[in-house]
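# Tertiary structure, described
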Amino acid sequence: MKKLLASLRAALGANSILAQVGGLTLLALALALWVGIPARRQAALLKAEAGRLERIVKASESWVAGFQPASNEETLAWQNTGFEVQKLGATPSDRLTLAQVIARRAEDVGFRGVRVNFAAGADSASQSSPRQVGGRLFRPAQYGIVVEAHGSLNQASALIGVLPNAVVVRSVTTKRSGNDVTSIFSLVVYEPAN
Amino acid sequence: MSRNGRVRLFGAFIEPQGIHAVEYAREANGISVLRHLADESRVSGMADGGERLATLIGAGDGSRTSVSAAIRGFGSGYQIMMLPHAAPDILRPIVRRELARLYPDIDNPRVDFVLGGEIDRRRRERADAGAAPLELLAAAVPERAVQAFAEELAARDMDLDHLTVLPQVLQRLYQRSESGFEPTAVLLYLPGGPILGFFHERQLRLTVEPPFGIDMDEAAEVQTILEQVERGALYLRQQFRGAEVNRLLVSARPDDQERIVRLLQSQLEISVAPLAPGAGSPATLAALGAVLDADAPSSLNLSPTAVLPEELAAQTTRRRGLIAGVALASLALIWALFNVVNALRWSSKVDALATQARARSGALTSMRGVVDERQKNAQAYTFLESLVADRTRLQRNLRAVARTTPPGVRLEELDLTRAGEEWQGGVGGMATGSSGADVLLAVDRFFRYLPREMPLRNLLLTQLEDVEPSDKQRLPGMRFRFTFTAIPNAQP
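Conventions we followed
- Residues numbered from 1 in each chain as written.
- Chains lettered and ligands numbered in written order.
- Predicted model: local features only at pLDDT ≥ 70, side-chain atom pairs only at ≥ 80, totals over all residues.
- Helix = DSSP H or I, 4+ residues; strand = E, 2+ residues; numbered from the N terminus.
- Buried ≥ 20, exposed ≤ 12 C-beta atoms within 10 Å, placed from the backbone.
- Contact = placed C-beta atoms within 7 Å.
- Pairing = 2+ DSSP bridges.
- Axes fitted to C-alpha atoms, helices over the stretch in contact; angles between N-to-C directions.
- Nonpolar A, V, L, I, M, F, W, Y, C, P; charged D, E, K, R; others polar.

### Here we look at the overall build of chain A
Across its full length, chain A carries six helices and five strands. Counting from the amino terminus, chain A carries its helices and strands in the arrangement α-α-α-α-β-α-β-β-α-β-β. Looking at the 194 residues of chain A, the share that counts as buried comes to 28%. Across chain A, contacts joining residues at least 24 apart in sequence account for 69% of those joining residues at least 6 apart.

Structure, rendered in structure tokens:
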């Protein structure tokens, strides 16, 4: 080992300039690697980030170019839709009004002997899913409405078409007794959650 | 570098007994001697020799002064040696080691050598017998002494371009004067003592410097020379397969030349002739021999200004190493710089794009409200449409039951209960007809027509039973019940 070190020392002494050049070269290489490799990695990250930002800018440019501002008609349509959405639920205080409207519409389609009752709706509430519409939430109410009336199947079909949007038909049952046909509609009522 | 572009050329021979120099000029067919210079007082050392040679040459008129010199003594040494056939780079360390062994007193020797050629004393019968060994003339001088010599000259703006030893001078003089191949002896009767060189096939094979005492008379000197000639001849005969020395070329002082030639001729059985007659004294010939060696393509040069092949190789290695190192370091640094610049460039680009994106984002914020409203409205509209569609499906199912009820069938009950998007249904009724077959036909029609009008699955007849005819009509009748699942759309 000593001999090896001595010969190494002798070789370095004989080629001191080359040793110095080699040392400086190694130093320069180390410096270059120390600076270059992180810079290369950073450049790769920045390049990817630039690509992402370019895509965002391009997408936003094309989006802006294709964007059409809302017209008056569109704004009006939004309002109308908003009103319709409001009608998708009836507040508890409106339950009588709702029942009255349903009874009136049943009579209007030709039903006779219309009777509207409130029923415990826990069952239907658990079976029906809430409505999430236009940023508003409507939950099934804890009560339901049962409509019993006398009339034909066509009248039953007509009544279904004019029921308020705050209710959903859960079941329809018709029974004949002699010449009289009785229809029973079980309705789920929705009320706004907020 | 000369101030006027001219170069003064000098050849010199320095030995402890004095200094002899010639100024010469180059001509088309050789050189012409312009003047002879001599300082025959004793020289104490190389530094002294350099100083006195410079004084002898004298200051120039701004011209560069180039000096080619031959030395004898002053610690110098030389050896004709035989080594295996090899490249000079390989031979050089061997020669250096051999000279160091032969001249251990030379401190830090400066060594050079010239290759003489192959010597093949054996009869080689096999083609693969190997290459013949090389004969070479090697010389060494103390580095410090020649440095001092050159520095003394340099102090007077003179360049020691060439420094050689006396045997090499003999070689050049012989080559210049003779073209024959016959074995020849050459005698230079120098002031410091004679030197004998023996040539075979135009190569110097042996040098002898006979030891002359101060008290020796001319007869004793001649006798000594004769003995040395005989010994040299014997050496050549032994070493070169019976080569016989048959000539002796002599250079002595011009006044004594003819007499010495006659004297030697009378004692020897070989031809004795003057060497370069009319060229001047032996010392002048030695100085010119140094010039001839300086001009030769392969010379023996011990001047410290001369770049020795090993130094040249070392310089080349150093230069290559330096170039490679600088190139490698430069490439690495350029690569690193490129990456840094690239990173900075991408960084500035990212900054610019981020600024641009932020500016776009501000413009988009106002539009986002419209977009959100449109999305909300579209969702609400879709929901309302689905609500209508749901009711329409239920209406369609009710109407379908009413429409498909065939004659002879009276609906007694109908129930539809929501099950997600489907409806679980049940239809019950009474079928009557003129015969039992008619009754069954009515039930069957109802059973078959119902799927045509209403998309459904799992249509099952769950009840079919006879009903006692009433007393009045006495018609057969059957009570039936179907169950089914009404689906939103017809399945393929």
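### Thoughts on the environment of B:Asp157
All names here are of chain B. On the secondary structure map, Asp 157 appears in the loop between helix H3 (143–154) and strand S8 (158–165). Asp 157 sits in the partly exposed class, given 15 other C-beta atoms within 10 Å. Taking the C-alpha atoms as reference points, Asp 157 and Ser 63, 94 residues apart in sequence, are found 9.0 Å from one another.

### Examining the sheet that holds strand S10 (residues 193–200) of chain B
All names here are of chain B. Strand order across the open sheet formed by five strands is S11-S10-S9-S12-S13, with mixed pairing between neighbours. Edge positions in the sheet fall to strand S11 (203–208) and strand S13 (271–274), since each has one partner strand and no second. On average, adjacent strands in this sheet sit at an angle of 25° to one another, irrespective of strand direction. Pairing between strand S12 (residues 247–251) and S13: four bridges, direction parallel.

### A word on the interface of chain A and chain B
Contact with chain A, which involves 51 residues of that partner, is made by 51 residues of chain B. At the level of elements, helix H2 (16–66), helix H3 (72–86), helix H6 (153–162) and strand S4 (167–177) of chain A are the ones that each hand at least two residues to the side of chain A that touches chain B. If you tally residues by element for the side of chain A that touches chain B, the top one is H2(A), at 25 residues. Looking at the side of chain A that touches chain B residue by residue, the classes come out as 28 nonpolar, 15 polar and eight charged. Examined bridge by bridge, S4(A) and strand S14 (residues 409–419) of chain B share five bridges and lie antiparallel to one another. For A:Lys175, the partnering residue across the bridge sits in S14(B) and is B:Glu413.

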